[in-house]
Amino acid sequence: MKLAIAFGIVLSLLAVSSAAERFDFFYFVQQWPGSFCDTSRGCCFPDTGKPAADFGIHGLWPNYAKCHGGDDDGQARRAVLGDDAAAASLSGVGRRGKCWPQYCDDENALSPWAIRDLVASLSRSWPTLSCKSGDSFEFWSYEWKKHGTCSNLEPHDYFARALALKAAHNLTEILAAAGIVPSESESYSISSVSDAIRKGTAFTANLECNRDTDGQTQLYQVYQCVDKEGKQLIDCPLHMRSKCGDDQIKLPLF
């Protein structure tokens, strides 16, 4: 009888282990709302009103250090293109293999009840700017379904840890301390932005740029690498090519 019980426990542990998603780190991605909106496609404010002029969370994305079955070329392309653009072109699979996990449990939909105590903070720190819907919960649900279900975290922990990372490393304040503030006339070297973030967080961030309606380069998203528990910044385990170049970049008003 004892042997049967022990065998059952071992089988249960193996089942849990096999169900756990294997990945190497998280990308914690924040976007500057002025740069999101100042493009040809524009933006729309959420139902709760215009967000603050502050970096907003885009997502907490499990990633592989290398594409399964090859090198990190596809992963680097994903990092440069951004989640949505890369997903559309690669669907999570690079030319050399799968580069990040996604949609790990389609049946595990996000429940409003699971994050009820976080909604106010999420509305401030993780607002939607998409014109598809002004409901930020739809944005959170999408991020949970695509990325959160691969995180090995429960929904509350997944969103709470993203909020904690943002609070611990306030990019808007870090850049302001270095004299890098939103402006329609000023521009900044990409190295000064990178150096300010490294000084303020003790880790180098990966930067993504886009172009405004006049074709000028602007800081769009900041990728910070985080440990597999989603708690601490780490040195990024892969190199990410950037399209920011050596240009002066803008941080447009919002």
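This text follows the structure it describes.
A few points on the structure. Since this is a predicted model, take the numbers as computed values, not measurements.

All right, on to the sheet that holds strand 6 (residues 206-211) then. Ordered by their spatial adjacency, 4 strands build an open sheet running 2-1-7-6, and the pairing between neighbours is antiparallel. The open sheet has two edge strands with one neighbour each: strand 2 (56-63) and strand 6. Neighbouring strand axes in the sheet, compared pairwise and without regard to direction, differ in orientation by 25° on average. Taken together, the 6 bridges between strand 6 and strand 7 (residues 217-226) define a ladder with antiparallel strand orientation. Opposite Leu207, over in strand 7, you have Val222 as the bridge partner.

Next up on the list: the state of the cysteines. Inspection of the entire model under this criterion finds 6 disulfides. One disulfide bridge connects Cys104 with Cys150, the sulfur atoms lying 2.0 Å from each other. Taking the sign of the S-S torsion, 105° for the link of Cys104 and Cys150, the bridge is right-handed. With Cys104 in the loop between strand 4 (97-98) and helix 5 (119-125) and Cys150 in the loop between helix 6 (136-146) and helix 7 (155-168), the pair connects residues that are 46 residues apart, well separated along the chain. We classify Cys104 as partly exposed; its relative accessible area is 31%. Of the residues examined, Cys150 reaches a relative accessible area of 0% and is grouped as buried. Linked covalently through their sulfurs, Cys225 and Cys236 form a disulfide whose S-S length is 2.0 Å. Between Cys225 and Cys236, the S-S dihedral sits near 100°, and the bridge is therefore right-handed. In this pair, Cys225 is assigned in strand 7 and Cys236 in the loop between strand 7 and strand 8 (248-249), connecting sequence segments 11 residues apart. We classify Cys225 as buried; its relative accessible area is 2%. Classification of Cys236 by relative accessible area gives partly exposed; the value is 22%. Counting its disulfide-bonded cysteines in sequence order, the chain shows a connectivity of 1-2, 3-7, 4-5, 6-8, 9-12, 10-11.

At Tyr103, a residue that is not glycine, the phi angle is positive and equals roughly 50°. Along the chain, the position of Tyr103 falls in the loop between strand 4 and helix 5. Positive phi, close to 75°, is recorded for Ala202, a residue that is not glycine. By the element assignment, Ala202 lies in the loop between helix 9 (190-201) and strand 6. Accessibility expressed as a relative area gives 60% for Ala202, which makes it exposed.

Aromatic rings in a pair are described by how distant their centres are and how their planes are angled relative to each other. Under the defined criterion, the tally for this structure stands at 11 aromatic pairs. For the pair Trp61 and Tyr223, a centre-to-centre distance of 6.2 Å together with 70° between the ring planes defines the contact as edge-to-face. Taken as a pair, Trp61 in strand 2 and Tyr223 in strand 7 lie far apart in primary sequence, 162 residues in all. Side by side, Trp61 and Tyr223 carry an identical accessibility label, which is buried. Residues Trp144 and Tyr158 carry aromatic rings whose centres are separated by 5.5 Å and whose planes lie at 70° to one another, so their mutual orientation is edge-to-face. Separated by 14 residues along the polypeptide, Trp144 in helix 6 and Tyr158 in helix 7 bring together distant segments of the chain. Like Trp144, the residue Tyr158 is buried in the burial classification. Clustering of aromatic rings is evident, with ring pairs tying together Phe25, Tyr27, Trp61 and Tyr223. When the ring centre of Phe254 is taken as origin, the NZ or CZ atom of Lys50, which lies over that ring, is 4.9 Å away. Stacked on the ring of Trp113, the Lys or Arg Arg116 has its end atom at 3.9 Å from the ring centre.

Cut-off values and rules
- Residues numbered from 1 in each chain as written.
- Predicted model: local features only at pLDDT ≥ 70, side-chain atom pairs only at ≥ 80, totals over all residues.
- Heavy atoms only, no water.
- Pairing = 2+ DSSP bridges.
- Helix = DSSP H or I, 4+ residues; strand = E, 2+ residues; numbered from the N terminus.
- Axes fitted to C-alpha atoms, helices over the stretch in contact; angles between N-to-C directions.
- Disulfide = S-S within 2.5 Å.
- Buried < 20%, exposed > 50% of the residue type's maximum accessible area, 1.4 Å probe, protein only.
- Phe/Tyr/Trp six-rings, centres within 6.5 Å; stacked < 30°, edge-to-face > 60°.
- Lys NZ or Arg CZ within 6 Å of the ring centre and 35° of its normal.

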